[in-house]
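# Examination of the molecular architecture
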Amino acid sequence: MNNAQLTYADIQAIVSEDFAIMDKQVFGSLNSKVQLVMSVSKHVIDAGGKRMRPLITLLTARMLHDEQSQQAMQLAAITEMLHTATLVHDDVIDASGLRRGKPTANATWDNPTAVLVGDYLIARSFNLLVGFNHLPLLKLFSDGTCDIAEGEVLQLQHQHNPKTLESDYLQIIDGKTSRLFMMATKGAALLQGREEFLDDLGAFAYHFGNAFQMIDDVLDFSGDAAIMGKNLGDDLAEGKPTLPIIKTLEFLEHSNPAMYDKLRIAVQTGKVVDDVQMLIKLVQSSGALDYCKARALEETKNAQHALNNLPNNRYREGLYLLTELASSRLV
């Protein structure tokens with residue numbers, strides 16, 4: 001396959017039958033007796049993205065044992081339910097009205113409804129996980145879900161803090177992004193009884209998750225707003241401590257104190273409407289995005305290196321192609 005012409009659909013096609021079954025299970029696994037729960041859940045699941053995390057689960061399961069597995073498809077659906085729950089909660093925290101161009105649950109209903117349905121999706125996910133009767137799998141997901149929540153709280157703790165360090169950022173994205181990637185891969189290995197691959201799968205998922213988040217954060221200052229479904233500079237307005245902002249502040253502190261103060265005040269206050277274009281250009285011209293792109297590519301290479309110790313087949317190639325597709329967004 002020519003990587004220059006690679007699409008997400010090409011990778012999804014590697015496990016197309018499994019993916020189609022899983023996709024139906026995401027909503028089909030819900031069984032609430034409360035109609036509002038079902039309506040809101042359907043709304044947020046239908047508005048979902050590309051289902052990348054469950055795709056990672058399906059590719060991993062097939063890579064380790066190339067037979068269709070009902071358990072692997074169920075686990076992939078659970079992974080997507082958990083991811084959807086985190087998005088619902090994120091939208092409430094960020095007061096978002098749109099996600100991927102569609103009204104969010106909190107905008108369509110209200111914040112209490114969205115929060116509680118997000119809680120239901122998490123609870124239902126664990127209800128389904130118990131059905132596997134697999135304690136190590138349950139522990140992986142319970143520990144991981146705690147890490148995800150802690151990552152989100154840590155991000156809130158550092159919100160509007162211009163003194164946030166790169167090490168703080170890495171701790172945040174480990175929780176809010178990379179952890180679910182690790183659950184998606186390691187969970188499949190536990191189901192297949194292939195514990196010997198847990199460390200390498202964990203390394204792949206950790207580094208790929210880091211790269212994926214870094215790329216997203218770079219695109220907040222250089223991407224196409226229409227494709228991304230949000231305005232450039234949104235992270236800055238929300239005071240989120242992303243790597244481009246952290247590095248811009250670091251680079252400007254001594255080289256250009258006046259511009260450093262402008263950006264520092266913008267981060268602290270979130271008042272960027274009048275100056276947003278100037279601040280975006282400031283980030284773009286500071287050298288921070290070049291640094292962040294290099295870090296994202298470094299994390300991508302680390303993820304690809306971890307794959308070398310895993311079974312060599314077309315499913316491993318699919319995981320590799322996912323990392324290539326993600327990094328191609330930087331071009």
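Residue positions are given per chain, counting from 1 as you read along its sequence in written order. The predicted nature of this model means local features are confined to residues of pLDDT at least 70 and side-chain atom pairs, given and counted, to a pLDDT of 80 or more, with totals for whole chains, interfaces and linings taken over all residues. The side-chain quantities take in all heavy atoms of the structure and omit both hydrogens and water.

Time to look at the nonpolar core. Nonpolar side chains tend to gather and get buried jointly when the protein is soluble and globular. The criterion is simple. A nonpolar core is a set of buried Ala, Val, Leu, Ile, Met, Phe, Trp, Tyr and Cys residues joined through side-chain atoms within 4.5 Å. Between buried and exposed lies partly exposed: a residue is buried under 20% and exposed over 50% of the maximum accessible area for its type, with that area taken using a 1.4 Å probe on protein chains only. Among the nonpolar cores identified, the biggest contains 96 residues, and Ile11, Leu59, Phe141, Phe208 and Leu322 are the most heavily contacted of them. By the criteria applied, helices consist of DSSP H or I runs no shorter than four residues and strands consist of E runs no shorter than two, each listed in order from the N terminus. The element that contributes the greatest number of residues to this core is helix 10 (residues 198-222), accounting for eleven residues. If we ignore the near neighbours within four places in the chain, the residues touching Leu59 are Ile11, Ile14, Val15, Tyr315, Gly318, Leu319 and Leu322. Contact definition: two residues touch when any of their heavy atoms are within 4.5 Å.

Another point: the packing of aromatic side chains. Side-chain rings of Phe, Tyr and Trp (the six-membered ring for Trp) are treated as a pair once their centres are within 6.5 Å; stacked means planes under 30 degrees apart, edge-to-face means over 60, and tilted covers the remaining angles. Evaluated as defined, the whole model comprises five aromatic pairs. Centroid distance Phe181 to Phe212: 5.8 Å. Interplanar angle 50°. Geometry classified as tilted. Taken together, the residues Phe181 in helix 9 (residues 166-192) and Phe212 in helix 10 connect sequence positions 31 residues apart. Side by side, Phe181 and Phe212 carry an identical accessibility label, which is buried. Here the aromatic rings of Phe208 and Phe212 are separated by 6.2 Å at their centres, their planes lie at 80°, and the arrangement is edge-to-face. With Phe208 and Phe212 both in helix 10 and four residues apart, the pair spans about one turn of that helix. The buried category is assigned to Phe208, whose relative accessible area is 1%.

What makes a salt bridge here is a side-chain nitrogen of Lys or Arg within 4 Å of a carboxyl oxygen of Asp or Glu, nothing more. Enumeration over the complete set of coordinates arrives at 18 salt bridges. A salt bridge links Asp46 to Lys42, with the nearest nitrogen and oxygen atoms 2.6 Å apart. With Asp46 and Lys42 both in helix 3 (residues 35-46) and four residues apart, the pair spans about one turn of that helix. Judged by relative accessible area, Asp46 falls into the partly exposed class, the value being 45%. Given a relative accessible area of 41%, Lys42 falls into the partly exposed group. A salt bridge links Lys240 to Glu238, with the shortest nitrogen-to-oxygen separation between them at 3.2 Å. Both residues of the pair, Lys240 and Glu238, count as buried.

Bringing helix 15 (residues 276-285) into the picture now. The set of residues buried in helix 15 consists of Val276, Leu279, Ile280, Leu282 and Val283. Down the axis of helix 15, the buried side of the element spans an arc of 155°, and every buried residue falls inside it. For helix 15, the exposed residues set more than 90 degrees away from the buried face come down to Gln277, Lys281 and Ser285. Residues of helix 15 that are buried in the fold lie against helix 10, helix 12 (234-237), helix 13 (243-255), helix 14 (257-269) and helix 16 (288-307). Trailing helix 15 by a residue or two, Gly287 shows a phi angle of about 95°, which is positive. By definition, the arc is the one covered by directions from the helix axis to the C-beta atoms.

The subject of this paragraph is unusual backbone geometry. Leave glycine aside and you will find that most residues have negative phi; peptide bonds, for their part, are mostly trans. We note that Arg51 has phi near 60°; this positive angle belongs to a residue other than glycine. Note that Arg51 resides in the loop between helix 3 and helix 4 (52-64). In this structure Arg51 comes out as buried when scored by relative accessible area, which is 10%. At His160, a residue that is not glycine, the phi angle is positive and equals roughly 60°. For His160, the location among the structural elements is in the loop between helix 8 (135-158) and helix 9. You can call His160 partly exposed: its relative accessible area is 29%.

The next point concerns helix 10. Helix length check: helix 10 (25 residues) gives 36 Å between terminal C-alpha atoms against 36 Å at 1.5 Å per residue, within 8%. With 19 of its 25 residues buried, helix 10 lies for the most part within the structure. To estimate how far a helix should extend, the number of its residues minus one is multiplied by 1.5 Å.

On to the side chain of Glu152. Within the secondary structure layout, Glu152 lies in helix 8. Beyond its immediate chain neighbours, meaning those up to four positions away, Glu152 contacts Asp90 and Lys176.

A fitted line through C-alpha atoms represents every axis, and for helices the fit uses only the stretch in contact; the resulting angles, taken between N-to-C directions, go from 0 to 180 degrees. The contact between helix 13 and helix 14 brings their axes to 7 Å, and the two run at 145°. For helix 13 against helix 14, the interelement crossing comes out left-handed. The segment helix 13 lies against helix 14, with Ile245, Thr248, Leu249, Leu252, Glu253, His254 and Ser255 engaging Pro257, Met259, Tyr260, Leu263, Arg264 and Val267. Each residue gets one of three labels, nonpolar for Ala, Val, Leu, Ile, Met, Phe, Trp, Tyr, Cys and Pro, charged for Asp, Glu, Lys and Arg, and polar for the others, Gly among them. For the contact of helix 13 with helix 14, the per-class residue count stands at eight nonpolar, three polar and two charged. Here is the rule for handedness: rotate from the far helix to the near one, and if that takes an anticlockwise turn smaller than a right angle the crossing is left-handed, while a clockwise turn gives right-handed.

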